[in-house]
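Spelled out, the chains give:
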Amino acid sequence: MSVFRKLLGVFLAALLLGGALKVGGDLKAGPEVQGALKPEAVHREATEEIVDRLDLHYRRLKFDDALSARVLEQYLKDLDPNRLYFTRQDIDDFQVYRDKLDDQLEDGELEAGYTIFNRFQTRLEARLTEILDDIKAGFDDWSFDGDEEVLVDRSEADWAANDAALDQIWRRQLKNAVLSMRLNGTEDEAIQERLTNRYESQLNRVRQNTSEDVFQTYMNALAQSFDPHTNYFTPHNSENFDISMSRSLEGIGAVLQYEDGYTKVVRLVPGGPAAKHGQIKPADRIVAVGQEDGDMINVIGMRLDEVVDMIRGPKGSEVRLEVIPAGSASEHDTRTIAITRNKVVLEEQAAKKEVIKFQHDGDTVKLGVIEIPAFYMDFNAFHRGDPNYTSTTRDVAELLVELRKENVDGLVIDLRNNGGGSLLEVNKLVSLFINRGPTVQVREAGGRVSVENDQYPGMLYAGPMAVLVNRYSASASEIFAGAMQDYGRALIVGDQTYGKGTVQTLLDLNHGKLKMTNAKFYRVSGSSNQNLGIVPDVNMPSLIDKQEVGESSLPNAMPWDEIKPADYQRYQDLVPLLPALRERHDKRIQDNPEFVYVEKLRDLLRQANERHELSLNAEQRQAWQRDFDGKRLAIENRLREYRGEDTIDKMEDLRKLEEQRALDPEANEEPMDEDPYLRETGHILADMMGLLHEQRVADKGTGL
């Protein structure tokens, strides 16, 4: 931009937001921050260092007007994701910064970030105070028989024109909260207490904001404008930072992220307390945390590191979490769960095997299954030179030898819910199934491409195989599945994977740390795993909502692309077999009650989640809920009848049954030989073996 425009912009910012310009001699001071919270000298120094480091980010984004606008949008979204505090006038005032943030940040100037935050702080405190007054006044004279509706998701709604318009939005928000809890059987006195506790907790937290809090929020808006895996950590947040477990709920074993004011569960660590407990799921949102029998503390809008600190605790102690289940239409449809903290036991992540038998076209098929929950490795033992160090590849190799002795007809590698792990291990695991060759390509920010190779001759297992994946299969899992697909070594079956195909490095700063994306994974075929993930050869029905889970659901996610293929040779071309395999698969599952259940329940949940507005009329809401519950029970009972189980008459009974299962998930864990996904994968693999046999016979007959 021109010098004139820069000067004009700064002048307008000072005039519009009450800033001041001070010029003296040959030094021009930056515009003055408006509000109580001010940046410190260390923050200005750290800003310049962060900007310098981000010049080396994989995306190589320029600090220009386009990035300035992007940072502004991200910052406003982080502060007010549901557009409940700022008005249109506030947003219009902030537009003076749209093409100025790049210049300010490069100069270590933080005026815009702090001035905007101080305005937000003022709006938030005032609004929360008003809400608490409304709640304390009670709900006796509130009417729930009109035709009012409340918008479910306000993230893309228009900003309220003024304070009066915001008052109306909040009136409907509170009416929805009260109605939702009344319909769940909560008495008004308890509703009043819960809402008061929630908003008082939030108000107390807001009043404790410091200059450091503002700096972290603003720097993360800058970092995440590059991609969702680039983050800034303050010195407090980076003290015990472990890059392999970043953003994890230490003590319960769950990986999470901050999204739209909420702490959202991304995935569960296999073998961890949360996974074994079974009551918390990916895409659930945590809204409150309590210690043992202590009060629940609201964590909406709280920084991720603060939430982690609250959940962290000694082994054997209990933490209570209030969560909004994934797919809930209202943020007030919550449940509270208690989890006993523990360490994730490596042995519980270990690969395990089983042999299952089933009938296919009149023949008995003997299928070997190896389940790999994570790509693990005991790095300490490895570096000590311990020859018996624990590793995925060593465990799988032993299991493969055992399966060969049992003369299995085919093999399934089960990578469902495997969120990744050691890159070294996944490369070594690929080597068990190919006879030398590249396993994965890594492209650095500067464009240099390096190739990881299998250096070991021969294959430990050369027979027919399939890899079973789902939306929670990520990172290292995608590297393995992609290599097996590219080499033609295995059919990929299941759901489209997560799409995490980037590499991060942790950089020390003079004030905190920066985790920055600096490389990208590519398959040997040249296709990126990023964003797209691994597309299965044969798809399975799934309840997982791709709009909620996966790289493509994250803001500013880096795109899919491709580079030059590596030098590799396919073992066989399975693509010509896919139409026949898909046709047989579709025919098999169309009347299979297990898969019909998944399809119908997915459609019902999707219809519920697609509602843009909720009625504030109690009778209409009750009628909708009765209809939904009836359909839900009908779907459930069809499956129960097929399984020979008693049917359920009331939705309350189904909820109690699900809660009982969640209390002891291991007791209700489905045996491998009864898992419909594993059994169908076995049928698909048997189809493939039959088609390959027919192809070989035909080739012999033609002398090929």
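Look up a bit, the structure's there.
Residues numbered from 1 in each chain as written. Predicted model: local features only at pLDDT ≥ 70, side-chain atom pairs only at ≥ 80, totals over all residues. Heavy atoms only, no water.

Novice: Where do I start with the overall build of the protein in this structure?
Specialist: When you go through the protein residue by residue, the secondary structure sums to 21 helices and 21 strands. Burial status across the protein gives 52% buried among its 704 residues. Contacts in the protein between residues at least 24 apart in sequence constitute 74% of all its contacts with a sequence separation of at least 6. For the protein, the exposed area adds up to about 32000 Å²; of that, 47% sits on carbon and sulfur atoms. (Helix = DSSP H or I, 4+ residues; strand = E, 2+ residues; numbered from the N terminus. Buried < 20%, exposed > 50% of the residue type's maximum accessible area, 1.4 Å probe, protein only. Contact = heavy atoms within 4.5 Å. Areas by Shrake-Rupley, 256 points an atom, 1.4 Å probe, with all protein chains shown as cover.)

Novice: Hey, could you run me through the nonpolar core in this one?
Specialist: For soluble globular proteins, the rule of thumb is that nonpolar side chains tend to be buried together. Counting residues in hydrophobic clusters, the biggest one holds 62 residues, and the most contacted among them are Phe86, Ile116, Leu195, Tyr199, Tyr218, Met219 and Leu222. If you tally residues by element for this core, the top one is helix H6 (residues 111-136), at 10 residues. Dropping the residues within four chain positions of it, Tyr218 is found in contact with Val71, Tyr75, Leu101, Leu105, Leu110, Ala112 and Gly113. Among the nonpolar cores identified, the runner-up in size contains 40 residues, and Leu411, Leu429, Val467 and Ile492 belong to it. (Core = buried A, V, L, I, M, F, W, Y, C linked by side-chain atoms within 4.5 Å.)

Novice: Just checking my understanding: could you explain the sheet that holds strand E11 (residues 352-360) for this structure?
Specialist: Neighbouring strands of a sheet are bound in pairs by backbone hydrogen bonds; such pairs are parallel or else antiparallel. Strand order in the open sheet formed by six strands is E11-E12-E13-E16-E17-E20, and the pairing between neighbours is mixed. Across the chains shown, the open sheet's two edge strands, defined by having one partner strand only, are E11 and strand E20 (538-539). Across four bridges, strand E16 (residues 465-469) lies against strand E17 (residues 491-494) in parallel orientation. Bridging from a neighbouring strand, Ala466 pairs with Leu491 of E17. Set on the sheet, helix H16 (residues 476-486) makes contact with strand E13 (410-414), E16 and E17; between it and E16 the angle comes to about 145°. (Pairing = 2+ DSSP bridges. Axes fitted to C-alpha atoms, helices over the stretch in contact; angles between N-to-C directions.)

Novice: Would you mind going over the environment of Arg621 with me for this structure?
Specialist: As for its position among the elements, Arg621 is in helix H19 (residues 618-643). Setting aside its immediate chain neighbours within four residues, Arg621 contacts Asn176, Leu179, Ser180, Leu183, Leu614, Ser615 and Leu616.

Novice: Looking at this model, I keep getting lost on the pattern of salt bridges. Mind explaining?
Specialist: It is possible for side chains bearing opposite charge to pair when their charged atoms get close. Under the defined criterion, the tally for this structure stands at 40 salt bridges. Of the charged contacts in the structure, one is a salt bridge between Glu548 and Lys264, with a shortest N-O distance of 3.6 Å. One end of the pair, Glu548, is in the loop between E20 and helix H17 (578-589); the other, Lys264, is in strand E6 (residues 262-268), with 284 residues separating them in the sequence. For Lys264, a relative accessible area of 5% gives the class buried. Between Asp675 and Arg416 there is a salt bridge whose closest N-O contact spans 2.7 Å. Taken together, the positions of Asp675 in the loop between helix H20 (651-663) and helix H21 (676-701) and Arg416 in the loop between E13 and helix H15 (423-431) put the pair 259 residues apart, joining distant regions of the chain. For the pair Asp675 and Arg416, a shared accessibility class is recorded, and that class is buried. (Salt bridge = Lys/Arg side-chain N within 4 Å of Asp/Glu carboxyl O.)

Novice: Any chance you could explain the packing of aromatic side chains here in plain terms?
Specialist: Two descriptors summarise a pair of aromatic rings, namely the distance from one centre to the other and the angle between the planes of the rings. By the definition in use, this model includes 17 aromatic pairs. Taking the centre distance of 5.4 Å and the plane angle of 85° together, the rings of Phe215 and Tyr232 count as edge-to-face. Of this pair, Phe215 sits in helix H9 (residues 211-223) while Tyr232 sits in strand E4 (residues 231-233), placing them 17 residues apart in sequence. Like Phe215, the residue Tyr232 is buried in the burial classification. The positively charged end of Arg611 is found above the aromatic ring belonging to Trp624, 3.5 Å away from the centroid. (Phe/Tyr/Trp six-rings, centres within 6.5 Å; stacked < 30°, edge-to-face > 60°. Lys NZ or Arg CZ within 6 Å of the ring centre and 35° of its normal.)

Novice: Got a minute to help me understand a negative patch on the surface in this structure?
Specialist: Residues Glu45, Glu48, Asp52, Asp55, Glu106 and Asp107 make up a contiguous surface patch of negative charge. Per-element accounting of the negative patch gives the leading share, three residues, to helix H2 (residues 41-54). Considering the arrangement of structural elements, one finds Glu106 in helix H5 (residues 101-106). (Patch = residues over 30% accessible without salt bridge, like charges linked within 9 Å, V, L, I, M, F, W, Y side chains within 5 Å. Lys, Arg positive; Asp, Glu negative; His and termini not counted. Charge placed at Lys NZ, Arg CZ, Asp CG, Glu CD.)

Novice: Where do I start with H15 in this structure?
Specialist: Each α-helix winds once per 3.6 residues, and so residues spaced three or four apart point in a common direction. Among the nine residues in H15, seven count as buried, and that is most of the element. Within H15, the full set of buried residues consists of Glu425, Val426, Asn427, Lys428, Leu429, Val430 and Ser431. Looking at the packing, one finds that the buried side of H15 touches helix H14 (392-405), strand E14 (437-444), strand E15 (449-454) and H16. With a side-chain oxygen lying 3.3 Å from the backbone nitrogen of Leu424, the N-terminal cap of H15 falls on Ser422. (Polar contact = N/O pair within 3.5 Å; in protein donor to acceptor, adjacent residues only side chain to side chain.)

Novice: Help me understand the packing of helix H3 (residues 65-79) against H9, please; the structure alone is not making it clear to me.
Specialist: Think of two packed helices as two axes; the pair is described by the angle between the axes and how far apart they sit. With their axes 8 Å apart at the nearest point, H3 and H9 run at an angle of 130° to one another. In terms of orientation, H3 lies oblique with respect to H9. Here H3 and H9 pass one another in a crossing that is right-handed. Touching Val71, Gln74, Tyr75, Asp78 and Leu79 of H3 are Val214, Thr217, Tyr218, Ala221 and Leu222, all from H9. In the contact of H3 with H9, the residues fall into seven nonpolar, two polar and one charged. (Parallel < 35°, antiparallel > 145°, perpendicular 65-115°, else oblique. Left-handed = near helix turned anticlockwise from the far one by under 90°. Nonpolar A, V, L, I, M, F, W, Y, C, P; charged D, E, K, R; others polar.)

Novice: I tried to follow the packing of H6 against helix H7 (residues 163-183) on my own but got confused; where do I start?
Specialist: Relative orientation of the contacting elements H6 and H7 amounts to 50°, with a least axis distance of 11 Å. One finds that H6 runs oblique with respect to H7. Taken as a pair, H6 and H7 cross one another with a handedness that is right-handed. Contacts between H6 and H7 involve Arg127, Glu130, Ile131, Asp134 and Ile135 on the former and, on the latter, Asp163, Leu166, Asp167, Trp170 and Leu174.

Novice: Even after reading the chapter, I still don't get the pairing of E14, so can you show me in this structure?
Specialist: The side chains of a regular strand alternate between both faces of the sheet. The element E14 is largely enclosed, with a buried count of six among its eight residues. Sheet topology note: the E14/E15 ladder contains six bridges and is antiparallel. Among the inter-strand pairings, Val440 is bridged to a residue of E15, identified as Glu452. Hairpin connection, E14 to E15: the antiparallel pair is bridged by four residues, and Gly447 has positive phi, about 105°. Pairing between E14 and strand E19 (residues 513-522): four bridges, direction antiparallel. Directly across from Gln441, in E19, lies its bridge partner Tyr522.

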